[in-house]
Amino acid sequence: VPDATALLIPVCALVMAIGTRVEHARKTLKAADAVCFDVDSTVICKEGIDELAAYLGVGEQVAALTASAMGGSTPFHEALAARLAVMRPSRSQLSAMLADHPPAEMLT
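Residues numbered from 1 in each chain as written. Predicted model: local features only at pLDDT ≥ 70, side-chain atom pairs only at ≥ 80, totals over all residues. Heavy atoms only, no water.

Q: Sorry if this is basic, but what is going on with helix H3 (residues 48-55) here?
A: Since the α-helix advances by 3.6 residues per turn, residues separated by three or four positions end up pointing in the same direction. The set of residues buried in H3 consists of Ile-49, Leu-52 and Ala-53. One face of H3 carries all of its buried residues, which in axial projection span an arc of 100°. Residues of H3 that are buried in the fold lie against helix H4 (59-70), helix H5 (76-87) and helix H6 (91-100). Immediately beyond the C-terminal end of H3, within one or two residues, lies Gly-57, with a positive phi of roughly 85°. (Buried < 20%, exposed > 50% of the residue type's maximum accessible area, 1.4 Å probe, protein only. Helix = DSSP H or I, 4+ residues; strand = E, 2+ residues; numbered from the N terminus. Arc of directions from axis to C-beta. Contact = heavy atoms within 4.5 Å.)

Have a look at this one:
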């Protein structure tokens, strides 16, 4: 795997060259209370929401909603809300899943 920093510099240069609103992004990130990154199937090898849905026994229902969203027929925010409504995960269920399947397992 190449050094991420070596890849970041040319990507940033390209982004700035094509006119992406870098300053707007910087200001937004600095003012944010929290930032969320989707690392499923990139940094980790699994889709976290699919794993949680399977653990909760609603994996097939959530997979169908995911497929709909990935096909472009449902906006992301609506698909996410629908998946969470099907799962209705509690804090205790999430804690139990993490205890049964430590996050390090997702890296392999």
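Q: Would you mind showing me how to read unusual backbone geometry here?
A: Negative phi values dominate among residues other than glycine, just as trans dominates among peptide bonds. A positive phi is found at Arg-88, a non-glycine position, where the angle reads about 45°. Of note, Arg-88 is situated in the loop between H5 and H6. We classify Arg-88 as exposed; its relative accessible area is 66%.

Q: When you look at the nonpolar core in this model, what are you seeing that I'm missing?
A: By size, the foremost hydrophobic cluster in this structure holds seven residues: Ile-49, Leu-52, Ala-53, Val-58, Val-62, Met-87 and Met-97. Broken down by element, the residue count for this core peaks at three residues, all from H3. (Core = buried A, V, L, I, M, F, W, Y, C linked by side-chain atoms within 4.5 Å.)

Q: Help me understand the packing of H3 against H5 in this model?
A: To characterise two packed helices, one gives the angle between the axes of the helices and the distance between these axes. H5 packs onto H3 with a crossing angle of 25° between their chain directions and a minimal axis gap of 10 Å. Taken together, the axes of H3 and H5 are roughly parallel relative to one another. Note on packing geometry: the crossing formed by H3 with H5 is left-handed. Across the interface between the two elements, Ile-49, Leu-52 and Ala-53 from H3 touch Leu-80, Arg-83 and Met-87 from H5. Residue composition of the contact of H3 with H5, by class: five nonpolar, no polar and one charged. (Axes fitted to C-alpha atoms, helices over the stretch in contact; angles between N-to-C directions. Parallel < 35°, antiparallel > 145°, perpendicular 65-115°, else oblique. Left-handed = near helix turned anticlockwise from the far one by under 90°. Nonpolar A, V, L, I, M, F, W, Y, C, P; charged D, E, K, R; others polar.)

Q: Explain H4 to me, please; I cannot follow it from the model alone.
A: With twelve residues, H4 should reach 16 Å at 1.5 Å per residue; the first-to-last C-alpha distance of 16 Å fits that figure. Listed as buried for H4 are Val-62, Thr-66 and Ala-69. One side of H4 holds all its buried residues, which, seen down the axis, span an arc of 60°. Buried-residue contacts for H4 involve H3 and H5. Remark: Gly-72 follows H4 within two positions and exhibits a positive phi of approximately 90°. (Expected span 1.5 Å × (residues − 1).)

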